[in-house]
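# Summary of structural features
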Amino acid sequence: MAKPSGSAELYVALIGDLVASRQLQPRDRRGTQHGLVALMRELDDVAGDDLASRFAIASGDEFQGLLRSGDALPDLLWRARTGVGSTAIRIGIGRGRIHTDLQPEALGMDGPAFHRAREAILRSKDESRGAPM
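Model, not experiment: these values are computed from the prediction. Per chain, the residues get numbers from 1 upward, laid out in the order the sequence is written. In view of the model being predicted, local features appear only for residues whose pLDDT reaches at least 70, and side-chain atom pairs are presented and counted only at 80 or more, with totals across whole chains, interfaces and linings using the full set of residues. Hydrogens and water are ignored here; the side-chain numbers use all heavy atoms of the structure.

## Some remarks on the nonpolar core
By convention a nonpolar core is built from buried Ala, Val, Leu, Ile, Met, Phe, Trp, Tyr and Cys residues, the set being connected through side-chain atoms within 4.5 Å. For every residue, the accessible area (1.4 Å probe, protein chains only) is compared with the maximum for its type, and the residue is labelled buried under 20%, exposed over 50%, or partly exposed between those bounds. Core analysis: the biggest nonpolar cluster contains 19 residues, and Leu43, Phe55, Phe63 and Leu67 have the highest contact counts within it. Of all elements in the fold, only β1 (11-18), α1 (26-47), β2 (51-59), β3 (62-67), α2 (73-83) and β4 (89-96) reach the threshold of two or more residues within this core. Each helix corresponds to a stretch of at least 4 residues labelled H or I by DSSP, and each strand to a stretch of at least 2 residues labelled E; elements are numbered beginning at the N terminus. By residue number, the principal contributor to this core is α1, which donates five residues.

## Observations regarding the pairing of β1
Among the eight residues that make up β1, eight are buried, leaving the element largely enclosed by the rest of the structure. What you see with β1 is no split at all: Tyr11, Ala13, Ile15 and Asp17 on one side and Val12, Leu14, Gly16 and Leu18 on the other are buried throughout. Pairing between strands is defined by DSSP: at least two bridges between them are needed. Judged from the eight bridges that link them, β1 and β4 form a sheet pairing that is antiparallel. Pairing of Tyr11 across the sheet is with Gly96, part of β4. In this structure, β1 lies alongside β3, joined through six bridges in antiparallel fashion.

## Looking at the environment of Ile57
By the element assignment, Ile57 lies in strand β2. Separated by 49 residues in sequence, Ile57 and Ala106 place their C-alpha atoms 8.8 Å apart. Sequence-distant contacts of Ile57, that is, excluding residues within four places in its chain, are made with Gln33, Leu36, Val37, Met40, Glu62, Phe63 and Leu107. Here, two residues are considered to be in contact whenever any of their heavy atoms come within 4.5 Å of each other.

## Concerning the environment of Asp17
Structurally, the position occupied by Asp17 is in strand β1. On the basis of relative accessible area, Asp17 is assigned to the buried category, the value being 4%.

## A short note on α2
Two residues of an α-helix separated by three or four positions point the same way, owing to the 3.6 residues in each turn. Where α2 is concerned, the buried positions are Leu73, Leu76 and Ala80. Down the axis of α2, the buried set is contained in an arc of 60 degrees. They therefore lie on one face. Seen from the buried face of α2, the exposed residues on the opposite side, beyond 90 degrees, are Pro74, Asp75 and Trp78. Our arc is simply the arc of the directions from the helix axis toward the C-beta atoms.

## Re the confidence of the model for the protein
Note on scores: pLDDT gives the predictor's confidence for each residue, bounded by 0 and 100. Per-residue confidence for the protein gives a mean pLDDT of 85; residues scoring 70 or more make up 80%. α1 is the least confidently modelled element of the protein, averaging 82 in pLDDT, while β3 averages 96, the highest of any element. Across residues 129-133 the pLDDT falls below 50, and counting only partners more than four positions away or on other chains, this stretch makes 11 contacts in the model.

See below:
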């Protein structure tokens, strides 16, 4: 059951995007997708009490999760990077409010936390700032 987000609460949204995953061969893509599904559960475990909404695959090669404070970010970033093997990954992080009800999985929600995380991903793609994680 969804819980009201409480307009004054700040959250930390994390969006991950596998770089160049469209170029993977179908057999490699299948394995990568299975690994990504397993990674979602691992990220939930790593986040522990900081987890506000479970990590979920948002579309194809992209995933997202929502944290209460961001205290788990260093461990999550490390796990996300090591959890996808040799596939490069971009991570966008945004802090802010959620304007919709808090959901069990980080899908179907909206607000500045997600907008800022999405902006970080897009900026990384557009400006090619450094190497992806």
